[in-house]
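Listed below are the residues making up each chain.
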Amino acid sequence: MNARVNDEPASVSLTEQAYAVLRDRLVMLEIKPGEPINEDRLRTELGVGRTPIREALKRLEQERLVVAFPRRGTFATDVNISDLSHISEVRRTLEPLAAAASAERATTEDRAALTELRSRLDTAPSGDNIELLRTDVGVHRAIYGCVHNPFLEDTLISYDNLATRIWCVFLPRLSGMAGHVDEHVPLLTAIIEGDAKKASELASQHVVGFEQAIRVLI
C-alpha cells in the first residue's frame with residue numbers, strides 16, 4: 001500500500017490512482033476513523049500534485065469515506081455500527097443481483113480470470129485476517145466487474161467498502177474469517193458455470209452471514 005502512485009499504469013489518471021490508494025487505506029482503516037487527511041504528506045508520498053489529491057478526496061467524500069469541514073480540513077469518517085442494518089439492507093438486494101448478472105454476462109475472459117482467482121483462494125493465508133479481508137474485497141470487486149454495468153459496479157463497491165470498514169473494526173475479535181472467504185469458492189464456481197440462480201442464493205447467504213457474524217460481537 002506504500003507504493004508511489006506514479007508506479008501505476010500510465011493509462012490510469014493520476015486522480016484515479018490517488019483515489020484507489022486513498023480509498024483502500026481508508027477501507028482497511030490504515031487511515032484511522034476520525035484521523036485528519038494530511039494532503040501535503042500524501043502529495044509527497046504518492047508523488048502527485050495537489051489537484052489529483054483534492055479530486056480524489058471529493059469523490060471519497062461522496063462515498064462517505066471522508067468528511068470535509070470548513071477551516072478544519074478533511075477527516076476519515078467514523079465507523080458507526082448503527083449503520084450496519086442500513087448497509088446490509090442495500091447489500092442484501094444488490095449482491096444477489098450482481099452475482100446473478102455476473103453469471104449471465106461474464107465474458108470468456110471474465111470466466112478465465114475468475115477461475116484463476118478461485119484457484120488462488122486455495123493458497124490464501126488462513127491465519128492472517130487482514131490478508132483474508134483483502135482477498136474478500138478483491139473477490140467482490142472481481143465479481144462486480146463481470147456485471148458490465150458501471151453504475152451498478154460503483155454502487156456495489158461503495159457499499160462493500162463501508163461494510164469492510166465495519167469488518168476491520170471487529171477483525172481482532174472475529175473468528176472463522178477463513179471460512180467466510182472460502183464461501184467465495186462455490187460462488188465463483190456458480191458464476192463461472194453460468195448458474196445465475198445458485199450464484200444469487202450464495203451471494204445472499206454470504207451477505208447475511210456477514211451481518212450475523214458482526215451482530216454476535218456487538
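In this text, all values refer to a predicted model and were calculated from it rather than measured experimentally. (Residues numbered from 1 in each chain as written. Predicted model: local features only at pLDDT ≥ 70, side-chain atom pairs only at ≥ 80, totals over all residues. Heavy atoms only, no water.)

**Section: the overall build of the protein chain**
For the record, the criterion: Counting from the N terminus, the helices are the DSSP runs of H or I reaching at least four residues and the strands are the DSSP runs of E reaching at least two. All radius of gyration figures rest on C-alpha atoms, and the globule criterion is 2.2 Å times the number of residues raised to 0.38. Burial status follows relative accessibility: with a 1.4 Å probe on protein chains alone, a residue under 20% of its type maximum counts as buried, one over 50% as exposed, and anything between as partly exposed. Note on contacts: a residue pair qualifies if any of its non-hydrogen atoms lie within 4.5 Å across the two residues. The Shrake-Rupley method, run with a 1.4 Å probe sphere, supplies the accessible areas, and residue values consider only the shown protein chains as cover. Positive charges come from Lys and Arg alone, negative charges from Asp and Glu alone, with His and the N- and C-terminal ends not counted. By convention, charge coordinates are those of NZ in Lys, CZ in Arg, CG in Asp, or CD in Glu.
The helix and strand tally for the protein chain stands at 10 helices and two strands. Helices and strands in the protein chain line up, N terminus first, as α-α-α-β-β-α-α-α-α-α-α-α. In terms of overall size, the protein chain behaves like a compact globule, its C-alpha atoms giving a radius of gyration of 18 Å where 218 residues would be expected to give roughly 17 Å. The principal-axis extents of the C-alpha atoms in the protein chain amount to approximately 50 × 40 × 30 Å. The proportion of buried residues among the 218 residues of the protein chain is 46%. Counting contacts in the protein chain only where the partners sit at least 6 residues apart, residues at least 24 apart contribute 73% of the total. Of the accessible surface of the protein chain, which amounts to about 11000 Å², a share of 50% is contributed by carbon and sulfur atoms. Side-chain charges in the protein chain split into 26 positive and 33 negative, and the spacing between the mean points of these groups amounts to 6 Å.

**Some thoughts on the side chain of His 180**
Operational definition: N or O atoms within 3.5 Å of each other form a polar contact, as long as, within protein, one can give a hydrogen and the other can take it, and as long as residues adjacent in sequence are counted only when both atoms are side-chain atoms.
Looking at the secondary structure, you find His 180 in helix H8 (residues 177-182). A polar atom in the side chain of His 180 sits 3.2 Å from the side chain of His 206. For His 180, the residues in contact, after removing those within four places along its chain, are Asp 136, Trp 167, His 206 and Phe 210.

**Here's the deal with the confidence of the model for the protein chain**
Here is the rule: Per-residue confidence from the prediction method is given by pLDDT, with values spanning 0 to 100.
Residues of the protein chain with pLDDT of at least 70 account for 92%, and the chain-wide mean is 89. Note on residues 1-11: pLDDT under 50 across the span, and 23 contacts to partners over four residues away in sequence or across chains.

**Section: the environment of Glu 35**
Assignment of secondary structure puts Glu 35 in the loop between helix H1 (14-27) and helix H2 (39-46). Owing to a relative accessible area of 25%, Glu 35 belongs among the partly exposed residues under this scheme. The sequence separation of Glu 35 and Phe 75 amounts to 40 residues, and the corresponding C-alpha distance is 5.5 Å.

**Brief notes about helix H9 (residues 184-192)**
One turn of an α-helix holds 3.6 residues; hence residues three or four places apart share an orientation. Counting buried positions along H9 yields seven of nine residues, so the element is predominantly enclosed. By the burial criterion, the buried members of H9 are His 184, Leu 187, Leu 188, Thr 189, Ala 190, Ile 191 and Ile 192. The inward-facing, buried residues of H9 abut helix H4 (84-105), helix H5 (108-121), helix H6 (129-145), H8 and helix H10 (196-215). Residue Gly 194 follows H9 closely and has a positive phi angle near 80 degrees.

**A word on unusual backbone geometry**
Look at Leu 29: it is not a glycine, yet its phi comes out positive at around 60 degrees. Among the structural elements, Leu 29 can be located in the loop between H1 and H2. According to the relative accessible area criterion, Leu 29 is buried, its value standing at 10%.

**Topic: the pairing of strand S1 (residues 66-69)**
Selection criterion: Any two strands between which DSSP finds at least two bridges are classified as paired.
When S1 meets strand S2 (residues 73-76), the two strands line up antiparallel, connected through four bridges. Across the sheet, residue Phe 69 finds its bridge partner in S2, namely Gly 73. The turn joining S1 and S2, which pair antiparallel and follow one another in sequence, is formed by three residues; a positive phi near 65 degrees is taken by Arg 71.

**Some details on the packing of aromatic side chains**
Working definition: an aromatic ring pair is given by the centre-to-centre distance plus the angle between the planes. Convention followed: Stacked, tilted and edge-to-face pairs are distinguished by plane angle, under 30 degrees for stacked and over 60 for edge-to-face with tilted covering the rest, among Phe, Tyr and Trp rings (Trp via its six-membered ring) whose centres lie within 6.5 Å. The rule for a charge over a ring is simple: NZ of Lys or CZ of Arg within 6 Å of the ring centre, and within 35 degrees of the ring normal.
Taken as a whole and assessed by the stated rule, the structure comprises two aromatic pairs. For the pair Trp 167 and Phe 210, a centre-to-centre distance of 4.9 Å together with 50 degrees between the ring planes defines the contact as tilted. Residue Trp 167 is found in helix H7 (residues 150-170), and its partner Phe 210 is found in helix H10; the two are separated by 43 residues along the sequence. The residues Trp 167 and Phe 210 share a single accessibility class, namely buried. It is Arg 59 that lies over the ring of Tyr 19; its NZ or CZ is 3.7 Å from the centre. Taking NZ or CZ as reference, Arg 91 lies 5.5 Å from the ring centre of Phe 210, over its face.

**Here's the deal with the pattern of salt bridges**
The condition that has to hold: One speaks of a salt bridge when a side-chain nitrogen belonging to Lys or Arg is within 4 Å of a carboxyl oxygen belonging to Asp or Glu.
Taken as a whole and judged by the stated rule, the model has 15 salt bridges. A salt bridge links Glu 116 to Arg 120; the nearest nitrogen and oxygen atoms lie 3.8 Å apart. Pair noted here: Glu 116 and Arg 120 are both in helix H5, with a separation of four residues, about one helical turn. Salt bridges here are not isolated pairs; linked through shared partners, they connect Glu 16, Arg 59 and Glu 63.

**Things to note about the environment of Ala 112**
Mapped onto the elements of the fold, Ala 112 is located in helix H5. Sequence separation between Ala 112 and Ile 192 is 80 residues; the distance between their C-alpha atoms is 8.1 Å.

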